[in-house]
Every structure is written in structure tokens, then in C-alpha cells.
Amino acid sequence: MERCFSVSKDAVTAPPRRERLRVAGAMVDVSKWPLFSLLSAEELASVRQACVFGTSANEAIYITHANEVFVFGLNSSSCLGTGDSLSTIVPKKLDFLRGKKVVSLSYGSGPHVLLATEDGQLFAWGHNGYSQLGNGNTNQALSPLLVTANPQNKKVREVACGSHHSMALTQDGEVFAWGYNNCGQIGSGSTANQPYPRKVTGCLQGKIAIGISCGQTSSMALIDNGEVYGWGYNGNGQLGIGNNGNQLTPCRLSALQGLCMQQIVSGYSHCLALTDEGLLYAWGANTYGQLGTGNKSNHLSPVQILADKERIVEVAACHSTHTSAAKTQSGLVYMWGHCRGQSILMPHLTHFTSTDDVFACFATPSVMWRLMSMDHDDFLTVSEALRKEFDSPETADLKFSVDGKCIHVHKAVLKIRCEHFRSMFRSQWTEDQQDVIEIGQFSYPVYRSFLQFLYTDTVDLPPEDAIGLLDLATSYCENRLKRLCQQIIKRGITVDNAFTLLSAAIRYDAEDLEVFCFRFCVNHLTQVTQTGAFWQVDGAMLKEFISKASRCGAFKN
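Residues numbered from 1 in each chain as written. Predicted model: local features only at pLDDT ≥ 70, side-chain atom pairs only at ≥ 80, totals over all residues. Heavy atoms only, no water.

## Topic: the side chain of Ser 266
Next, step 1: Checked against the element boundaries, Ser 266 lands in strand 17 (residues 261-266).
Next, step 2: Since its relative accessible area comes to 3%, Ser 266 is described here as buried.
Next, step 3: Within the local environment of Ser 266, its side chain forms a polar contact with the side chain of Ser 213, the two groups lying 2.7 Å apart.
Next, step 4: When neighbours within four sequence positions are excluded, Ser 266 is seen to be in contact with Ser 213, Cys 214, Gly 215, Met 220, Cys 271, Ala 317, Cys 318 and His 319. (Helix = DSSP H or I, 4+ residues; strand = E, 2+ residues; numbered from the N terminus. Buried < 20%, exposed > 50% of the residue type's maximum accessible area, 1.4 Å probe, protein only. Polar contact = N/O pair within 3.5 Å; in protein donor to acceptor, adjacent residues only side chain to side chain. Contact = heavy atoms within 4.5 Å.)

Following this line, the structure appears as C-alpha cells:
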């Protein structure tokens, strides 16, 4: 197997954004995390990056497309950075970080939080009992602090947190560590706590790191030539060096000699590493089957897993869990280890589309293993592209004229989405030859809403206009649209419009809606009979309503 070529120092001065910080190709569904169910649809749509953290996954931070930073949750050890220790279920803005584009974020067990910005600045806040914030003291930080001590004049590109220690990777490939050092996880050669960021040297001296990760009390670094180094606690073999002795300085994983690693992640006390050929190796603690070897025996040296599967393209683990996950080249997602209280000893094929889903649904606690990014470089899914092109004169090949106003559409979309239009755009229909089609049966708001529904699968109309759309849906045999209209009407019924809606339900043969509106009218009979709509209805329908209401006992004392 060929060795990786070294990369010159100049080549990493301005590195590309690491792909493992983003989820490309599709919008990530953050609502899988219970905390994000507190956000409105509008707030969720504004999210570009997000992270759920904390000992019980009770804190969250998210960054909007406008680069505004919001936090909410329990606020243990003031880890939300809001300037106080109060919990909140309403997102609060961190004005201190406004306009800062976040490129990396990590959290500890205190918890404490580290954040790196695009311009290389390093911020920290939260628990600081072991100087893990790197500001030289042990005072808890209620708000984000700019870490100005070493690394002096260095731009940080990535951060990682263990339980109570911290690491930073600079843009020129140097590794710094600070905080709790009881097991040598700072890599300083001693076990004295480190109050400021200190450059990790030893075997890393002169080498260019491209990745870092932390276990609870251990540290790992990935070098540009594919080598892996580890230091700190090694009681379960999580350093992968063939023994279980702690290491106070970086030690190379010689068992990976001849392999070029491109990604490394750390669990609570185990590690996963991925080669540039898509091979997956695991080592360390295996109490919950987190190594995926089929048993619960620890491994002091790396062992290959998923060898019989297709190429692996991503691995996932987090220092606060014993859960592991991997994604293959074709998009298959596997999980193993501690999964909702069960010990899964072998990689289990899931129905998930991302490794993030594994941690949302099966990790304990259900934290995020990385800063998730919803920024996909202006990539639009099919549904997003259709939504964008609705009523777009630039790409449309057909116009509907309604009440003197034009709506721009695409014949192909209409034919795909609606049987009525499939029939219309056949050669024997005159409309198939027209560039502008006049519509006189329906109002502009109703017809535009119908066409927009074909592009978006959604309807946004007040109940009164939804009656007209219900008429259209009935005429065009659009049953799903008919059901959506009925939902809108049910949710918008009032004493004033109830009888009008009842009349419409009867007229358009919407039986469920008719039953719903009738019951509402009977339940509010006195108020409904005093509205203009009640007395404007035709005599036959009025008689039928009174007769039916009487049979239901509406007029009994």
C-alpha cells in the first residue's frame, strides 16, 4: 500500500473547509432533536449550523444564515453564554458573536464550549474548574471570552473538547491544548493542569496536523501524511498503541503503519479512524460493543471492522457517548455500541440517511457529534428548485391570466403534477397551443394558490378563500388539495363564518367538513343564528339545517 505524500506547510496555510463539518446534498432535519421542536418553522428555516450538547442533551446553539448566534436550554455552568445562569426555552441571541462566521464548535462535560470563527478567532465560555477556557483562571465564564493568550497570532481552524480539557488546531497545522491534565491529556510531559493554550510538541514537533479529536481524558491528532498520534488516558487502550499505559506526550500509532488515515473521531473511551481507501479501524473500550467487533473485549491496537462492506466515507463518535456510526459510499448508515440502552455488538444497518440521525435517535445522551451545517453552497433540492421557480417569468413557458393578472408556470411541471393539465395539454385541446390561458371560473388568489400548491405541496390561504380553492379542488379532482382545504377551514372556523363554511361544505360534497361545520353551528347555535350568513342562506338549506338540528336536540331547554 502506498504511503500518502506529505503536504508542504504553505499548502495548509489557507486550508479548505473540512468536509466533516458539513452535511452536503440535503438539508439536515434538526427537528429530530427534541430541543429543536421548540422552534417555529420560520426559526428552523433560518438555521445554518446547529449543535445540541450537555450532559443530558439539554442545551443547544445555532447560527443563522445571517451569522447571528442563538442559544437555549438548561444552561448548566452558564454554558449558553448568555451572561447569567438562567435556563431558557426561548432562544437568546449572543450579541457578542454577531456577524462571526463559525467554522468549528465543540463542548466538554462541564459543560464548556469552544468556538472558532472564519477569521481564526477562538472563543470560550461555561465551566472552567480546570482552566479549560484557557484564560488563566478557574472562574466560570458567563459570556463568550476571546482567548487571547497562546496561540499568539495563530488563526484557529478547528477545536475539540474532552471532559475538562481543550484542544485547538491552527491554520498552519499546529496543535494547542489546555485545561485538566490528570492523565497527561495536554501532552505537556506532566500531569499539571494547563491554564493557557500550550503548543503540543514532542513527536508532533515539525509535523502538520489536519485533524484533532478528544475522548473524555485522551487526545488524538491526525497528521497530513496520514499518521495518527495519541496521548493522555489509556486505561482501555483508547490510544491504540498496544498497551494500556497513560501517555504524557504524543505517541504514534505504529499499528497503522502503511495506512493513510483521513478522518479520526473519539468516543468516550474508544476511537474510530478511516483510511483514504475507505477502510475503517477501531480500538479502545468495548463495554457496549462500540468497536463493532461482535464482542465486548477491549482492543489495545486498531482492528479493522466492516471489512466486508462497501467503501466507508464517514465515521462518527462523540466523547460523551459510547455510540459509533458510519456511512458508506452509496449512503448506507450503520450504527453500533450503546444505542438507547442496548449494546449493539455488530454494525447494524439503519434506515437513516446521515450519521447525525443515529445520534439524534439512539445516542445517550442524544447530543450532536459535530457542528452540523445546513449550508450547502447554494445547492437546491428538487423541491426547493421548484418552489423557487414558481411564477418566474425567466423560466416559464406558459401564463395563466386571472382577473387581469398573470401567473407564470411550466407546462412540464403541471403535466407531471396534475391529471387535469395532463389532459389539457394534449394536441386535441386548444389550450395546448396557447401561450396565455384565460381563467374566468376562479378568482386570482384561489387559482394562484392552486398552481403554487403544485410546486410546493402547501397551501396558505384564509378559510374564506379556501372555500373557493375547495371548489377548484373538487372540479379538478385533486383529492389531496381538497383535504388540505378542509383542514384550513376547520382550523379557521368562527361563529361569524361557520354557516358560510357549512354551506360551502354541502355545495362541494365535503362530507367530513359538513359534519364538522354542522356540529360547530349547533354548539354555538345562538350566536350563529344572529349572523348575517345564517339568514342569507336559501330557504331549502335553512329548513334542512333546522330540521337536522332539531333531531339532534339543539332546541331542547
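## Comments concerning the UniProt feature "repeat: RCC" (unreviewed entry) in the protein chain
Next, step 1: Mapped onto the present numbering, the UniProt feature "repeat: RCC" (unreviewed entry) falls at residues 67-118, 120-172, 173-225, 226-277 and 278-329.
Next, step 2: The span residues 67-118 carries 0% helix and 44% strand; its end-to-end C-alpha distance comes to 11 Å.
Next, step 3: Secondary structure across residues 173-225 comprises 0% helix and 43% strand; the distance between its end C-alpha atoms is 12 Å. (UniProt positions renumbered as here; feature names shortened; annotations may be inferred.)

## Concerning the packing of helix 9 (residues 498-507) against helix 10 (residues 511-523)
The packing of two helices is summarised by the inter-axis angle and the distance between the axes.
Next, step 1: Packing of helix 9 against helix 10 brings their axes to within 8 Å, and their N-to-C directions diverge by 155°. Here helix 10 runs roughly antiparallel to helix 9, going by the angle between their axes. Taken as a pair, helix 9 and helix 10 cross one another with a handedness that is left-handed. On the side of helix 9, the interface is formed by Ala 498, Phe 499, Leu 501, Leu 502, Ala 505 and Ile 506, while helix 10 contributes Leu 513, Glu 514, Cys 517, Phe 518, Phe 520 and Cys 521. (Axes fitted to C-alpha atoms, helices over the stretch in contact; angles between N-to-C directions. Parallel < 35°, antiparallel > 145°, perpendicular 65-115°, else oblique. Left-handed = near helix turned anticlockwise from the far one by under 90°.)

## A word on the packing of helix 7 (residues 463-475) against helix 8 (residues 479-491)
Next, step 1: Where helix 7 contacts helix 8, the two axes come as close as 9 Å, and the packing angle between them is 160°. With respect to their mutual orientation, helix 7 and helix 8 come out roughly antiparallel. For the element pair helix 7 and helix 8, the recorded crossing hand is left-handed. Residues Pro 463, Ala 466, Ile 467, Leu 469, Leu 470, Ala 473 and Thr 474 of helix 7 pack against Leu 481, Lys 482, Cys 485, Gln 486, Ile 488 and Ile 489 of helix 8.
Next, step 2: Residues that form the contact of helix 7 with helix 8 fall into these classes: 10 nonpolar, two polar and one charged. (Nonpolar A, V, L, I, M, F, W, Y, C, P; charged D, E, K, R; others polar.)

## Quick look at the sheet that holds strand 11 (residues 175-179)
Pairing between the strands of a sheet is mediated by backbone hydrogen bonds and can be parallel or antiparallel.
Next, step 1: The strand order across the open sheet built from four strands is 9-10-11-12, with neighbouring strands paired in antiparallel fashion. At either end of the open sheet lies a strand with only one pairing partner, and these are strand 9 (156-161) and strand 12 (194-199). This sheet shows a mean twist of 15° between the axes of neighbouring strands, independent of strand direction.
Next, step 2: As judged from the five bridges shared by strand 10 (residues 165-170) and strand 11, these two strands associate in the antiparallel manner. Among the inter-strand pairings, Ser 166 is bridged to a residue of strand 11, identified as Trp 178. (Pairing = 2+ DSSP bridges.)

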